[in-house]
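Examination of the molecular architecture
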Amino acid sequence: MNKDKLSYYASYVAIFCGIFLLVMKLYIKDKSSTNTVMALLFVIIGVVGLRMYKRK
């Protein structure tokens, strides 16, 4: 598997992890905003990775 395809799949994994963390945030009543920030960061990194892959 080449490096480009691996980064493509890693972007989808990052987006999935971010969405999973946001869904878990809905079910677990937590006062801290660390999980929300981390989930949004995962989603942003995944989207940026996909955009970089599609430009090539």
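All of the points below concern the structure found in this document.

Analysis parameters
Residues numbered from 1 in each chain as written. Predicted model: local features only at pLDDT ≥ 70, side-chain atom pairs only at ≥ 80, totals over all residues. Heavy atoms only, no water. Helix = DSSP H or I, 4+ residues; strand = E, 2+ residues; numbered from the N terminus. Rg over C-alpha atoms; globule rule 2.2 N^0.38 Å. Buried < 20%, exposed > 50% of the residue type's maximum accessible area, 1.4 Å probe, protein only. Contact = heavy atoms within 4.5 Å. Expected span 1.5 Å × (residues − 1). Arc of directions from axis to C-beta.

A word on the overall build of the protein chain. A tally of regular secondary structure across the protein chain gives two helices and zero strands. Against the globule reference of 10 Å for 56 residues, the protein chain gives a C-alpha radius of gyration of 13 Å, more extended than a compact globule. Oriented by its inertia axes, the alpha-carbon framework of the protein chain measures out at about 40 × 20 × 10 Å. Here the protein chain, with 56 residues, has 14% of them falling under the buried criterion. Sequence separation of 24 or more characterises 67% of the internal contacts of the protein chain that already satisfy a separation of 6 or more.

With that out of the way, let us pick up helix α2 (residues 34-55). Look at α2: 32 Å from first C-alpha to last across 22 residues, which is about the 32 Å you get at 1.5 Å a residue. Residues Ala39, Gly46 and Leu50 constitute the buried set of α2. Axial view of α2: buried residues confined to an arc of 35 degrees, hence all on one face. Residues of α2 that are exposed and angled more than 90 degrees away from the buried face: Thr34, Val37, Ile44, Ile45, Arg51, Met52 and Arg55. Contacts made by the buried residues of α2 are with α1 (3-27).

Helix length check: α1, at 25 residues, gives a terminal C-alpha distance of 36 Å against a target of 36 Å (1.5 Å per residue), a fit within 8%. Taken as a whole, α1 has its buried residues at Tyr8, Ser11, Ala14, Ile15 and Gly18.

With that out of the way, let us pick up the environment of lysine 25. Structurally, lysine 25 can be placed in helix α1. Judged by its relative accessible area of 21%, lysine 25 is partly exposed. Beyond its immediate stretch of four places on either side in the chain, lysine 25 contacts Asp30, Ser32, Asn35 and Thr36.

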